[in-house]
Amino acid sequence: MAIKHIVAGVALAAFAGLGAYVYVGEGAQAAPSSHFVLLDGSSKSTQDLQGKVTLVNFWATSCVTCVAEMPDIIATHNKYKDKGYDTLAVAMQYDPPSYVVNFAQSRQLPFNVALDNTGNIAKAWGDVKLTPTTYIVNKRGEIVKTYIGAPNFDELHQLIEKLLAQT
């Protein structure tokens, strides 16, 4: 009986340790080639992300965690935007565009927001289904870390600073 409790405890600890993020691995992988249509009607591509450290956040207005983490994403963006950092929030296919526009305007989001009307962007980025899912992309356009759920923002800031220092 004690062994079952130990095994259950270890399994629970491992799951809890996984926490809100999943590391993509030691080697970075190229960010998928994507075309993002922004709320203002302009567009960006994955190639446009190169040269900056970029947080790509898949989110929805109906996602409680997404809404709760948005002030931290805004603060992170504002803290690093003048140092070669950018943020791109990608609204999920099921999120009504009018809700996304209203959210972006009412919260005065200081970064680009894209609509994934077809779901093709989420599919290309690993078939994202859970929100929030956040990718950190280095200056070379490679995904170096993936978070599922809200990240630990202190750790995220350390990672951003490390990536910004790289040439």
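Our subject in this report is the structure included herewith.

What the protein contains, in helices and strands, is six helices and nine strands. In the protein, which comprises 167 residues, the proportion classed as buried is 43%. Counted over contacts in the protein with a minimum sequence separation of 6, partners at least 24 positions apart contribute 72%. By element, 56% of the accessible surface of the protein is carried by carbon and sulfur atoms, the whole surface being about 8900 Å².

This part covers the environment of D48. Relative to the elements of secondary structure, D48 occurs in helix α2 (residues 46-49). By relative accessible area, which is 45% here, D48 ends up partly exposed. Looking at D48, its side chain comes within polar contact range of the main-chain nitrogen of S45, at 2.8 Å.

A few words on the state of the cysteines. Using the criterion set out here, one finds one disulfide in the structure. Disulfide pairing places C63 opposite C66 at an S-S distance of 2.4 Å. As the torsion about the S-S bond is roughly 80°, the C63-C66 disulfide counts as right-handed. Grouping residues by exposure puts C63 and C66 together as buried.

The subject of this paragraph is the pattern of salt bridges. Taken as a whole and assessed by the stated rule, the structure comprises four salt bridges. Through salt bridges with shared partners, a single ionic network connects K123, D127 and K129.

With 17 residues, helix α3 (residues 64-80) should cover 24 Å at 1.5 Å per step; its first-to-last C-alpha distance of 25 Å lies within 8% of that length. The inward-facing, buried residues of α3 abut β5 (53-59), β6 (85-91), α4 (97-106), β8 (133-137) and α6 (153-165).

Reading the values: rules and limits
- Throughout, a residue's number is its position along its own chain's written sequence, starting from 1.
- It should be noted that, the model being predicted, local features are given only for residues of pLDDT at least 70 and side-chain atom pairs only at 80 or more, the latter also being counted only at that level, while totals for whole chains, interfaces and linings use all residues.
- Hydrogens are left out, water is left out, and the side-chain values use all remaining heavy atoms of the structure.
- The numbering of helices and of strands both runs from the N terminus, where a helix is a DSSP run of H or I of at least 4 residues and a strand a run of E of at least 2.
- Think of it in three bands: residues with accessible area under 20% of the maximum for their type are buried, residues over 50% are exposed, and the middle band is partly exposed, with areas taken using a 1.4 Å probe on protein chains only.
- Residues are treated as being in contact if the distance between any of their heavy atoms lies within 4.5 Å.
- All accessible-area figures derive from a Shrake-Rupley calculation using a 1.4 Å probe, and residue coverage is judged against the displayed protein chains alone.
- Counting of polar contacts relies on pairs of N or O atoms within 3.5 Å, with two restrictions inside protein: one atom must be capable of donating a hydrogen and the other of accepting it, and residues adjacent in sequence are counted only when both atoms are side-chain atoms.
- Pairs of cysteine sulfur atoms within 2.5 Å are what we label disulfides.
- We define a salt bridge as a contact between a side-chain nitrogen of Lys or Arg and a carboxyl oxygen of Asp or Glu at a distance within 4 Å.
- Multiplying 1.5 Å by the helix residue count minus one yields the expected span of that helix.

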